[in-house]
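Read off the chains here:
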Amino acid sequence: MVRILGGLVGLFFAGMLLLSFLWGGVAFVSAPPAPTAESEFHEHPRQVAWSFNGPFGHYDKTQLQRGFQVYTEVCSACHSLHQVAFRSLADLGYNEAEIKAIAKARQVPDVDPKTGEATTRPGTPADRFPLVYPNDVAARAANNNAVPPDLSLIAKSRHDGPNYVHSLLTGFQAQPAELLKKFPDAKTPEGLHYNPYFANLNLAMAPPLTAEGQVTYGEGQPKPTVDQMAQDVSAFLMWAAEPKMEARKSTGVAVLIFLLFATVLAYLSYQNIWADKKH
Ligand code: HEC
């Protein structure tokens with residue numbers, strides 16, 4: 001009896017689930033969600049042929065150094081990189097003296113040993129990149145009521161991170177006339193900037209990379225076009241978000257080779273063990 005009752009209750013729940021699923025399906029087809037400016041004009045990031053793509057991908061150190069230069073000279077005015085320690089810059093090929101100089105050029109927070117009051121001192125390789133604003137209120141006040149996010153993990157926290165950052169930096173444009181015709185209410189508000197790669201199409205960051213040669217690259221480096229600078233800083237932010245990516249990929253390849261070898265071994269021992277048995 002209990003079994004039958006239990007079965008009936010289960011059947012009831014399963015039936016309701018199926019019913020509501022079908023209901024939702026019918027509603028979606030008969031009254032589809034109204035199109036919005038975001039649903040029609042948001043674009044997926046353009047794909048860049050990064051040196052770190054694919055299972056054997058690796059970072060291009062000179063590109064990372066250029067990206068670090070773009071970050072330092074342009075982005076660091078507003079964006080912190082607070083999860084990254086100066087000593088990690090050794091990955092980019094800087095030596096100890098260079099890292100010490102990079103750290104020393106930045107003021108990091110500290111406490112006065114005598115009075116206990118908050119103060120600052122020049123950084124050391126063990127310090128992390130300091131914050132740009134003391135708090136979010138100050139950040140908002142300086143940026144049209146938007147907080148510039150910390151960029152340490154941005155390349156991992158956004159879908160298709162490095163491509164996204166590159167597309168975002170090079171994607172600022174005038175709002176398409178077609179959009180305004182279709183969605184007159186979706187005009188970019190005062191102080192925001194139209195960018196089809198940003199989720200809601202309008203962001204508070206003004207285009208940070210606007211002119212070729214905004215950053216001067218060293219001898220033998222590619223021309224600092226807006227696209228090149230955007231690629232370089234995106235690659236640098238990918239490194240910041242996943243400095244151990246190369247190790248992860250090479251471990252993955254080694255594991256696959258080992259598993260392949262173990263499979264062959266297992267198959268051969270299977271053959272060997274059953275060799276004298278009739279099937
Ligand atoms: C003048 C200040 C300023 C500068 C310089 C600046 N940004 Fe921004 N950035 C902002 C603000 C403000 C936001 C927040 C925008 C919003 O939420 O609408 C932002 C947002 C972003 C975002 C996040 C978008 C998202 O998906 O949330 C990325 C990525 C970014 N900036 C990258 C950069 C890079 C790379 C540079 C240097 C080339 C740079 N920014 C230079 C102010 C700045």
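The sections below set out a description of the structure shown in this document.

Conventions adopted
Residues numbered from 1 in each chain as written. Predicted model: local features only at pLDDT ≥ 70, side-chain atom pairs only at ≥ 80, totals over all residues. Axes fitted to C-alpha atoms, helices over the stretch in contact; angles between N-to-C directions. Helix = DSSP H or I, 4+ residues; strand = E, 2+ residues; numbered from the N terminus. Left-handed = near helix turned anticlockwise from the far one by under 90°. Contact = placed C-beta atoms within 7 Å. Nonpolar A, V, L, I, M, F, W, Y, C, P; charged D, E, K, R; others polar. Expected span 1.5 Å × (residues − 1). Buried ≥ 20, exposed ≤ 12 C-beta atoms within 10 Å, placed from the backbone. Core = buried A, V, L, I, M, F, W, Y, C linked by C-beta atoms within 7 Å. Near = placed C-beta within 6 Å. Pairing = 2+ DSSP bridges. Parallel < 35°, antiparallel > 145°, perpendicular 65-115°, else oblique.

## Regarding the packing of helix H7 (residues 161-170) against helix H9 (residues 226-241)
Then step 1. Interaxial distance between H7 and H9 falls to 9 Å at its minimum, and their mutual angle equals 145 degrees. When the axes of H7 and H9 are compared, the crossing they make is right-handed. Of H9, the residues touching H7 (which contributes Gly-161, Pro-162, Val-165, His-166, Leu-169 and Thr-170) are Val-226, Asp-227, Ala-230, Gln-231, Ser-234, Ala-235, Leu-237, Met-238 and Ala-241.
Then step 2. Counted by class, the contact of H7 with H9 contains nine nonpolar, five polar and one charged residues.

## Observations concerning helix H3 (residues 61-73)
Then step 1. In this model H3 runs 18 Å from its N-terminal to its C-terminal C-alpha over 13 residues, within 8% of the 18 Å that 1.5 Å per residue would give.
Then step 2. Tucked inside the fold, the buried residues of H3 contact H9.

## What about unusual backbone geometry?
Then step 1. The phi dihedral of Asn-145 is positive, around 70 degrees, even though this residue is not glycine.
Then step 2. Position of Asn-145 relative to the elements: it lies in the loop between helix H5 (136-142) and helix H6 (154-157).
Then step 3. The class of Asn-145 is exposed, set by 10 C-beta atoms lying within 10 Å.
Then step 4. Despite not being glycine, Asp-160 shows a phi value in the positive range, around 60 degrees.

## Let's talk about the nonpolar core
Then step 1. Within the largest apolar cluster, 37 residues are counted, with the highest numbers of intra-cluster contacts made by Val-233, Phe-236, Leu-237 and Ala-240.
Then step 2. Looking at this core, the elements that each hand over two or more residues are H3, helix H4 (96-104), H6, H7 and H9.
Then step 3. What Ala-240 contacts, discounting residues up to four positions off in sequence, is Leu-81, Val-84, Leu-151 and Ser-152.

## Focus on the environment of Gln-63
Then step 1. Topologically, Gln-63 is positioned in helix H3.
Then step 2. The spacing of Gln-63 and Pro-222 is 159 residues in sequence and 9.5 Å in space, taken between C-alpha atoms.
Then step 3. Beyond its immediate sequence surroundings of up to four residues, Gln-63 is in contact with Ser-51, Asp-232 and Ala-235.

## Some thoughts on the site of the ligand
Then step 1. In the vicinity of the ligand there are 21 residues, among which Cys-75, Cys-78, Ala-204, Met-205 and Pro-208 approach most closely.
Then step 2. Residue classes in the shell around the ligand are distributed as 18 nonpolar, two polar and one charged.

## Describing the pairing of strand S2 (residues 118-122)
Then step 1. Burial analysis of S2 places just zero of its five residues in the buried class, which makes it a mostly uncovered element.
Then step 2. By the bridge criterion, five bridges tie strand S1 (residues 107-111) to S2 in an arrangement that is antiparallel. Bridged to Gln-107 within S2 is Pro-122.
Then step 3. Taken together, S1 and the strand that follows it, S2, pair antiparallel across an intervening segment of six residues, in which Gly-116 is found at a positive phi of about 75 degrees.

## Side note on the packing of H3 against H9
Then step 1. Where H3 contacts H9, the two axes come as close as 7 Å, and the packing angle between them is 100 degrees. Between H3 and H9, the angle is such that the two are roughly perpendicular. Here Gln-63, Leu-64, Arg-66, Gly-67, Phe-68, Val-70 and Tyr-71 of H3 lie close against H9, whose contacting residues are Met-229, Asp-232, Val-233, Ala-235, Phe-236 and Trp-239.
Then step 2. Its residues assigned to classes, the contact of H3 with H9 comprises nine nonpolar, two polar and two charged.

## Thoughts on the environment of Lys-104
Then step 1. One can find Lys-104 in helix H4.
Then step 2. Taking the C-alpha atoms as reference, Lys-104 lies 35 Å from Phe-172; in sequence the two are 68 residues apart.
Then step 3. With residues near it in sequence (within four places) discarded, Lys-104 still touches Pro-122 and Gly-123.

## What to know about helix H1 (residues 2-30)
Then step 1. With 29 residues, H1 extends 42 Å between its outermost C-alpha atoms, agreeing within 8% with the 42 Å of an ideal straight helix rising 1.5 Å per residue.
Then step 2. For H1, the buried fraction is low: zero of the 29 residues fall into the buried class.

So yeah, pure geometry; function would need other evidence.
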